[in-house]
Protein chains: 2
Amino acid sequence: MKILARAAALSALFLSTAAIAQTAPDVAWDITADLTTEIGARPAGSEQEAKARDWAVKRLTALGFRNVRVEPFTVTGFVRGAETAELTAPYPHKLHVTALGYSAPTPKGGLKAELVYFPNLDALKAAPEGSLKGKIAFIDHAMTRTQDGSSYGPYGAARRQGPGIAASKGASGVVIRSIGTDMHRNPHTGATSWPAGTAAIPAGAVSLPDAELIARIARTGKPMTMTLVLEGKAQPDMPSGNVIAELPGRDPSLPPILIACHLDSWDLSTGAFDDAAGCGIITAAALRAQAKGQPLRTIRVLWAGAEEIGVFGGAAYARANAGQPHALAMESDFGADRVWRVRFNLSPANKPLRDKLTAALAPLGIAAGAGKANGGADVTAIIAAQKLAVIDLDQDGTRYFDLHHTPDDTLDKIDRKQLEQNVQAWTVVLEIVANEPGPISPE
Amino acid sequence: MKILARAAALSALFLSTAAIAQTAPDVAWDITADLTTEIGARPAGSEQEAKARDWAVKRLTALGFRNVRVEPFTVTGFVRGAETAELTAPYPHKLHVTALGYSAPTPKGGLKAELVYFPNLDALKAAPEGSLKGKIAFIDHAMTRTQDGSSYGPYGAARRQGPGIAASKGASGVVIRSIGTDMHRNPHTGATSWPAGTAAIPAGAVSLPDAELIARIARTGKPMTMTLVLEGKAQPDMPSGNVIAELPGRDPSLPPILIACHLDSWDLSTGAFDDAAGCGIITAAALRAQAKGQPLRTIRVLWAGAEEIGVFGGAAYARANAGQPHALAMESDFGADRVWRVRFNLSPANKPLRDKLTAALAPLGIAAGAGKANGGADVTAIIAAQKLAVIDLDQDGTRYFDLHHTPDDTLDKIDRKQLEQNVQAWTVVLEIVANEPGPISPE
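Predicted, not measured: the structure shown is a model, and the values here were computed from it. (Residues numbered from 1 in each chain as written. Chains lettered and ligands numbered in written order. Predicted model: local features only at pLDDT ≥ 70, side-chain atom pairs only at ≥ 80, totals over all residues.)

Caption draft 1: Broad picture of the domain arrangement of chain A. Residue and element names in this part refer to chain A. Splitting chain A by domain gives domain 1 (26-78 + 236-433) and domain 2 (81-231). Between domain 1 and domain 2, the C-alpha centre-to-centre distance is 32 Å. With 20 residues of domain 1 at the interface, the matching set in domain 2 holds 19 residues. With three residues, the single largest contributor to the side of domain 1 that touches domain 2 is helix H12 (residues 400-403). Looking at the side of domain 1 that touches domain 2 residue by residue, the class counts come to nine nonpolar, six polar and five charged. (Domains from an automatic or database assignment. Contact = placed C-beta atoms within 7 Å. Helix = DSSP H or I, 4+ residues; strand = E, 2+ residues; numbered from the N terminus. Nonpolar A, V, L, I, M, F, W, Y, C, P; charged D, E, K, R; others polar.)

Caption draft 2: Seen up close, the interface of chain A and chain B. Contacts between the two partners involve 20 residues from chain A, matched on the other side by 20 residues from chain B. The leading source of residues in the side of chain A that touches chain B is helix H7 (residues 208-218) of chain A, at five residues.

Caption draft 3: Examining the relation of the copies chain A and chain B more closely. Least-squares fitting of chain A to chain B yields an RMSD of 0.0 Å, with the transformation described by 0.0 Å of translation along the axis and a rotation of 180°. What the rotation and shift describe, once combined, is the action of a two-fold rotation axis. An overlap of 100% is found between the interface residues of chain A and their copies at the interface of chain B, pointing to a shared contact surface. (Least-squares fit on C-alpha atoms with pLDDT ≥ 70 in both.)

Caption draft 4: The arrangement of the packing of helix H2 (residues 26-39) of chain B against helix H3 (residues 47-62) of chain B in detail. Residue and element names in this part refer to chain B. Where H2 contacts H3, the two axes come as close as 10 Å, and the packing angle between them is 140°. The two elements H2 and H3 cross, and the hand of that crossing is right-handed. Residue-level inspection shows Ile31, Leu35, Glu38 and Ile39 of H2 in contact with H3, the latter providing Gln48, Lys51, Ala52, Trp55 and Arg59. (Axes fitted to C-alpha atoms, helices over the stretch in contact; angles between N-to-C directions. Left-handed = near helix turned anticlockwise from the far one by under 90°.)

Caption draft 5: Here's a closer look at the pairing of strand S10 (residues 233-247) of chain A. Looking at chain direction, strand S1 (residues 66-79) of chain A and S10 of chain A are connected through eleven bridges and run antiparallel. Following the sheet pairing, Thr74 of chain A is matched in S10 of chain A by Pro239 of chain A. (Pairing = 2+ DSSP bridges.)

Caption draft 6: Region of the structure containing helix H5 (residues 152-160) of chain A. All names here are of chain A. Listed as buried for H5 are Tyr152, Tyr155, Ala158 and Arg159. An end-on view of H5 places all buried positions within 120° of arc, on one side of the element. Counted as exposed and oriented over 90 degrees from the buried face of H5: Gly153 and Pro154. Buried residues along H5 sit against helix H4 (121-125), strand S6 (136-139), helix H6 (162-168), strand S7 (173-177), strand S8 (203-206) and H12. (Buried ≥ 20, exposed ≤ 12 C-beta atoms within 10 Å, placed from the backbone. Arc of directions from axis to C-beta.)

Laid out in structure tokens, this is it:
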């Protein structure tokens with residue numbers, strides 16, 4: 001009977017292990033699927049973002065995380081309204097437009113004005129002061145896809161700085177070619193900002209096919225006019241918050257490993273790629289890293305709020321947790337496609353740790369890259385404040401800017417095989433760093 | 001000097017030929033680009049469709065066509081209004097919806113009702129009579145891409161017949177998964193029809209990612225409710241018309257070759273694939289076929305009106321031209337991608353003609369396929385009325401239903417290399433059939 005009992009116990013253990021092996025890979029998918037289905041769009045400061053925090057607390061608790069809590073803060077959000085754009089001359093065309101975050105609303109009845117074409121941001125910068133008075137500036141650009149997403153920096157400037165520059169030159173409104181690499185009638189939103197002393201003007205983005213049409217018409221030299229309706233506006237003092245949870249380590253005296261994603265999304269989609277999947281990936285990996293035995297260090301998970309409109313959650317986290325030392329920070333906020341490269345910001349003393357990580361990631365098709373890891377948006381503030389070590393698991397961004405900030409960022413875009421490779425990469429890293437007994441520090 | 005003069009004349013001839021070779025391929029592109037840019041969306045019966053007819057007359061005349069004329073007729077069109085759909089329970093989601101052609105308008109404030117999920121049209125057919133009273137039916141389906149477009153028949157039934165079936169069972173409204181193969185937030189419109197004695201109800205299509213979301217929620221078993229706003233409605237007695245033009249043949253006693261496309265488009269896009277490109281292809285090929293010397297038979301070009309909402313132009317053409325015999329009919333209305341197959345409806349006596357065509361098309365990568373050619377929508381009536389011979393140059397439809405009837409059907413989707421192969425295929429066929437001296441007849 002004893003032997004049978006032991007066999008039964010072993011069998012139960014095997015079953016349990018098998019169950020973990022079978023179910024663990026689904027945590028990332030389940031979080032992505034359930035958050036996008038049960039909550040959907042969750043823009044910063046909205047009621048839906050608040051529901052997402054409640055959902056997150058419940059889900060992280062159910063998954064066995066400890067110290068699950070919300071750290072609240074307030075933000076100036078952006079509340080979308082009606083939005084339409086029509087080219088009225090020389091040829092009438094209804095365009096697909098969306099307001100940029102922090103756009104000013106158009107006057108009642110819409111803004112009707114001449115549309116002035118600029119092939120890129122530099123051309124706008126070169127326009128004489130006051131030359132855009134009463135006009136709408138159109139900013140084109142030639143962003144193309146890159147695996148590492150590096151085109152977002154230079155081309156994204158058309159969205160981040162372009163509207164402010166147009167406003168400073170007297171423009172009544174500004175429309176940009178969406179910052180994206182797809183060719184669908186889905187405009188890409190995203191926040192813009194206004195230089196001190198420059199009043200906000202209506203600012204929108206048209207889809208890339210619409211931008212191609214405008215460029216084609218601009219080449220004829222015929223004067224263009226547009227009627228623009230963008231009724232969205234900024235709204236101060238909206239509630240947001242970070243959701244934080246932990247898998248406590250064996251040695252609470254060691255600084256924790258901080259891993260982050262963001263919980264909010266833009267309002268145009270359910271935010272599967274940006275960034276439900278990131279929350280799924282880091283959370284699944286933390287659980288798998290613990291499944292082989294409790295790690296030495298605590299793994300702290302940060303599902304940040306209000307990232308999209310200005311990384312308010314990251315700033316709030318750094319403020320609220322300034323007193324607590326951290327060991328290392330990482331973030332997943334670049335979709336759900338496979339990890340292809342790892343980059344580090346580790347001290348020379350951590351070379352053995354780095355070598356161990358590089359060797360462990362190689363079988364997953366991940367090579368160490370040159371350049372220093374910088375973390376993601378939501379960990380930037382804490383990294384800067386505490387001079388933290390950083391590891392970047394760089395995801396393949398080839399199609400990221402097809403979906404980024406568009407209505408198209410939906411669950412169907414998730415490739416489950418690539419999502420699984422992601423979780424495996426994160427698990428490998430967490431198993432190693434969370435069991436590192438010595439100091440972990442940056443260059 | 002004589003020799004030099006002759007050399008100069010030859011040189012001029014070569015230059016001229018070279019110029020034709022260089023510029024001729026652009027007729028198809030220019031028509032597609034200019035019609036979509038200068039006119040844009042041109043729904044049946046609209047002012048824009050009328051402008052497109054004027055544009056077509058001017059362009060065909062400028063290209064050297066003769067007997068360029070408009071044959072007018074009137075249609076019951078569909079005028080789109082505001083359209084929104086929101087899932088209100090169990091989880092709130094804003095959906096991307098568009099009304100189907102001939103949808104009834106929703107009541108003031110929108111239609112708020114329970115949403116009942118049917119995995120396919122057969123499941124809807126099986127629903128008990130009266131079981132949908134006061135509800136909105138949702139019809140899903142599993143259409144996938146096919147090269148020959150054959151999936152449109154069975155799956156398209158959800159749009160063509162589904163709303164009528166739902167109405168006959170008492171539904172207050174109906175929403176279908178767009179008939180398409182893409183995964184973008186762009187719904188596919190298209191006409192539906194109502195059985196005699198069944199009053200129209202509001203009928204819309206949601207984008208495929210939205211349909212996936214509804215299906216996912218339906219699987220939870222939780223009751224779903226929807227608020228649907230579709231303000232578009234049918235409008236009788238709208239003006240439409242066919243544009244007809246000819247390249248006269250050497251022997252006016254021989255029946256002409258009829259080649260067709262349609263000039264109207266759906267209102268959601270500029271209709272580049274559907275069907276500006278078709279008009280570009282047939283027109284460019286007719287000119288090229290003539291460039292080698294005036295053909296024996298007249299080539300008649302039909303740019304049909306009001307195809308999208310019920311092939312009214314094709315019916316009007318058959319009525320207006322019933323008295324004139326035709327030799328053969330062909331149509332280009334399946335995008336701008338390459339021709340991969342040719343099919344015939346030719347009599348056994350025309351075997352030599354068929355063999356000649358097959359041999360001439362083979363170098364372009366086009367193989368003769370089994371099955372009988374049936375022409376396109378706009379030539380169906382004249383083919384049936386006069387029992388005409390038909391040749392189908394089958395285009396690759398692999399991505400056709402990604403774009404079909406969506407906002408995404410824009411000029412940027414045209415692949416100029418494939419468009420050129422299309423024009424070459426049509427030219428080869430027209431050169432042969434327009435110079436066929438003997439009778440051309442069907443099986």
